[in-house]
Amino acid sequence: MAFKATGLDDVVAGQTAIATVGKAGAGLTYRGYAIEDLAEQSTFEEVAYLLLYGVLPNAYQLRSYQEALRRLRDLPPPLKTMLEQLPGDTHPMDVLRTGCSALATLEPEGPKRDAVAIARRLFACLSAMLLYWYHFHQGNTRLTIDADEETGAGHFLQLLHGVKPPELHRKMLDTALVLYAEHEFNASTFTARVISSTLSDFYSAVTGAIGALRGPLHGGANEEAMALMSQFATPDEAEAGILQRLADKEKIMGFGHRVYKIRDPRSPIIKRWARQLSEAAGDGRLYAIAERIEAVMWREKRLFPNLDFYSAVAFHWAGIPTSLFTPLFVFSRITGWAAHIIEQRADNRLIRPLAEYTGPPPRPYPPLAER
Ligand code: COA
């Protein structure tokens, strides 16, 4: 069978009971629940539980789960020392990738292979891992990682800004984490499944997934979208700039999707939050620029914004530095990765596709003296 020399478009590479993406009538579902319902009614912790265990928690289960996560937020001292020794100008995604790998040496998975326990640990401590490094190098302070904030979203914002976050910001981030949590066989999740299929450990699968997510065609798009929007002072300037880039055959980050063909169902949800936070900040300029770019991309290319585009606006107005946008994707997607690693392990077969060979035909080997 000959494949197109592209990225496995339309190839069904396995089965999953975790999510559907782009199915007719149901844009995105986690375990059968529509993303619109989850974004409206669930907290991120409920979604994390749903992805891991397959069912929504009841009130008691949710409380116990949240308490367990809060107890797991602090970092082992050798990890803090390692984070202090990383260069201050490291990309935050590299900090997470390295930190995750380092934690594997301090708290290895071991023969019991308790994936749920490691998933919980990583889910609880990744924010602290990043922000410990961030504050040490940006502010020369050793962050105290407390467990006051009940939710992961509040915990991240509290650690970042050192004050209790406004409820509007916390809720926006909580919703963004729900939207980012899971997306079927996307590149990073598939990476995690390929690694898991070799029976490697949980941390290796997550470390590889972080590496895949880092690229601008995947998770890195939200940072690129922010960098793009920041170049324009007005919507008219943005329109001219986008038209020029399209004429130069440049890709506009935050637009298009491999699977969704008509729209990304997550985009209108995060767009509403982006508008609310812009209004609360009393500054509609960035939002107006984003809306104009959206209109131009639709008019010129019939391309729609994906989740990363308006996330950039919403994160910006929550005071989150651009370099931390993609790490936020990790704090959320760790839940989807975990569910997929567990699913892969439950019915494993080594993932090992074939390649269509395009190299030279068989030929005689020339001795060194004759080359
Ligand atoms: N800006 C401009 N043109 C785009 C585009 C974008 N963001 N996304 C796709 N296109 C165009 C391509 O240039 C190509 O046009 P052509 O046929 O005239 O050459 C066509 O649409 C198909 O694009 P292609 O990159 O082959 O499709 P894909 O299925 O591989 O793309 C993405 C999926 C997500 C990689 C792609 O849309 C993209 O690069 N988007 C920007 C990065 C991004 O936002 N990633 C986050 C995804 S959630």
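Structural data are supplied above this passage.
Peer 1: Before we move on, can you summarise empty space enclosed by the protein with the specific residues and values?
Peer 2: Under the counting rule described, the total for this entry stands at 2 cavities of 30 Å³ or more. For the largest cavity, the calculated volume is near 170 Å³. Residue lining of the largest cavity: 19 residues in total, with Glu45, Phe123, Ala124, Gly152 and His155 positioned closest to the centre. When contributions to the lining of the largest cavity are tallied by element, the ones reaching two or more residues are helix H2 (44-53), helix H3 (59-71), helix H6 (115-139), helix H7 (152-161), helix H8 (167-180) and helix H16 (325-346).

Peer 1: Can you tell me about the site of the ligand, naming the residues and giving the values?
Peer 2: Taken together, 18 residues form the shell around the ligand, and within it Lys251, Ile252, Gly254, Phe255 and Arg258 come nearest. Taking Lys251, its side chain carries an N or O atom lying 2.5 Å from an oxygen atom of the ligand. Residue Asn306 places a side-chain N or O atom 2.9 Å away from an oxygen atom belonging to the ligand. Within the complex, 63% of the 840 Å² of free accessible area of the ligand lies under protein. A breakdown of the residues in the shell around the ligand according to their chemical character gives 8 nonpolar, 5 polar and 5 charged.

Peer 1: I'd like to hear about the state of the cysteines, residue by residue, with values.
Peer 2: A full pass over the atoms with the stated rule returns 0 disulfides. Counting only cysteine sulfurs, Cys125 is the nearest neighbor of Cys100, a cysteine outside any disulfide, at a range of 8.5 Å. Residue Cys100 is classed as buried on the basis of its relative accessible area, which comes to 0%. With a relative accessible area of 0%, Cys125 lands in the buried category.

Peer 1: Mind laying out the pattern of salt bridges, listing which residues take part and the relevant values?
Peer 2: The full count for this structure, using the stated rule, is 19 salt bridges. Measuring nitrogen to oxygen at the nearest pair gives 2.9 Å for the salt bridge that ties Arg345 to Glu109. Here Glu109 lies in the loop between helix H5 (92-106) and H6 and Arg345 lies in helix H16, a separation of 236 residues in the sequence. We classify Glu109 as buried; its relative accessible area is 11%. Residue Glu300 is joined to Arg299 by a salt bridge in which the shortest nitrogen-to-oxygen separation is 3.0 Å.

Peer 1: I'd like a description of unusual backbone geometry, backed by residues and values.
Peer 2: Positive phi is not limited to glycine here, since Leu8 has a value of about 55 degrees. Turning to its location among the elements, Leu8 is positioned in the segment before strand E1 (19-23). If you check the backbone angles, Asn140 has positive phi at about 60 degrees while not being a glycine.

Peer 1: So what's going on with the packing of H2 against H3? Residues and values would help.
Peer 2: With their axes 10 Å apart at the nearest point, H2 and H3 run at an angle of 100 degrees to one another. With respect to their mutual orientation, H2 and H3 come out roughly perpendicular. On the side of H2, the interface is formed by Glu45, Glu46, Ala48, Tyr49, Leu52 and Tyr53, while H3 contributes Gln61, Leu62, Tyr65, Gln66 and Leu69. In terms of residue class, the contact of H2 with H3 is made up of 7 nonpolar, 2 polar and 2 charged.

Peer 1: A description of helix H12 (residues 235-247) should follow, citing residues and the corresponding values.
Peer 2: Spanning 13 residues, H12 covers 18 Å between terminal C-alpha atoms, matching the ideal 18 Å at 1.5 Å per step. Listing the buried residues of H12 in full gives Ala238, Glu239, Gly241, Ile242, Arg245 and Leu246. Looking at the buried side of H12, the elements it contacts are helix H11 (221-229) and helix H14 (285-301). Among the residues trailing H12, Lys249 stands out with phi positive, at a value near 60 degrees.

Peer 1: Can you explain the environment of Lys251? Please cite residues and give values.
Peer 2: You can see Lys251 is positioned in the loop between H12 and helix H13 (267-281). Accessibility expressed as a relative area gives 63% for Lys251, which makes it exposed. Remark: the alpha-carbon pair of Lys251 and Leu217, spanning 34 residues in sequence, is separated by 9.7 Å.

Peer 1: Talk me through the side chain of Arg170; I want residue IDs and the actual numbers.
Peer 2: As for its placement among the helices and strands, Arg170 is situated in helix H8. Reaching out from Arg170, the side chain makes a polar contact with the side chain of Glu167 at a distance of 2.8 Å. For Arg170, the residues in contact, after removing those within four places along its chain, are Glu149, Thr151, Ala153, Gly154, Leu157 and Pro165.

Peer 1: Summarise the side chain of His183; cite the residues concerned and give the values.
Peer 2: In this structure, His183 sits in the loop between H8 and helix H9 (187-197). Using a relative accessible area of 7% as the deciding quantity, one classes His183 as buried. A distance of 2.7 Å separates polar atoms of two side chains, one belonging to His183 and the other to Tyr260. Among residues more than four places away in sequence, those in contact with His183 are Val21, Leu28, His257, Tyr260, Arg266 and Arg333.

Peer 1: Kindly report on the packing of aromatic side chains, identifying the contributing residues and their values.
Peer 2: The tally for this structure, following the rule as stated, stands at 13 aromatic pairs. Ring pairs connect the aromatic residues Phe44, Tyr49, Tyr53, Tyr65 and Phe123, which therefore count as one cluster.

Definitions and cut-offs
- Residues numbered from 1 in each chain as written.
- Predicted model: local features only at pLDDT ≥ 70, side-chain atom pairs only at ≥ 80, totals over all residues.
- Heavy atoms only, no water.
- 1 Å grid on protein atoms, 1.4 Å probe; cavity = no way out; pocket = protein on both sides within 12 Å on 5 of 7 lines; lining within 4 Å.
- Points joined across faces, edges and corners; volume = space filled by probe spheres on them.
- Helix = DSSP H or I, 4+ residues; strand = E, 2+ residues; numbered from the N terminus.
- Near = heavy atom within 4 Å.
- Polar contact = N/O pair within 3.5 Å; in protein donor to acceptor, adjacent residues only side chain to side chain.
- Areas by Shrake-Rupley, 256 points an atom, 1.4 Å probe, with all protein chains shown as cover.
- Nonpolar A, V, L, I, M, F, W, Y, C, P; charged D, E, K, R; others polar.
- Disulfide = S-S within 2.5 Å.
- Buried < 20%, exposed > 50% of the residue type's maximum accessible area, 1.4 Å probe, protein only.
- Salt bridge = Lys/Arg side-chain N within 4 Å of Asp/Glu carboxyl O.
- Axes fitted to C-alpha atoms, helices over the stretch in contact; angles between N-to-C directions.
- Parallel < 35°, antiparallel > 145°, perpendicular 65-115°, else oblique.
- Contact = heavy atoms within 4.5 Å.
- Expected span 1.5 Å × (residues − 1).
- Phe/Tyr/Trp six-rings, centres within 6.5 Å; stacked < 30°, edge-to-face > 60°.

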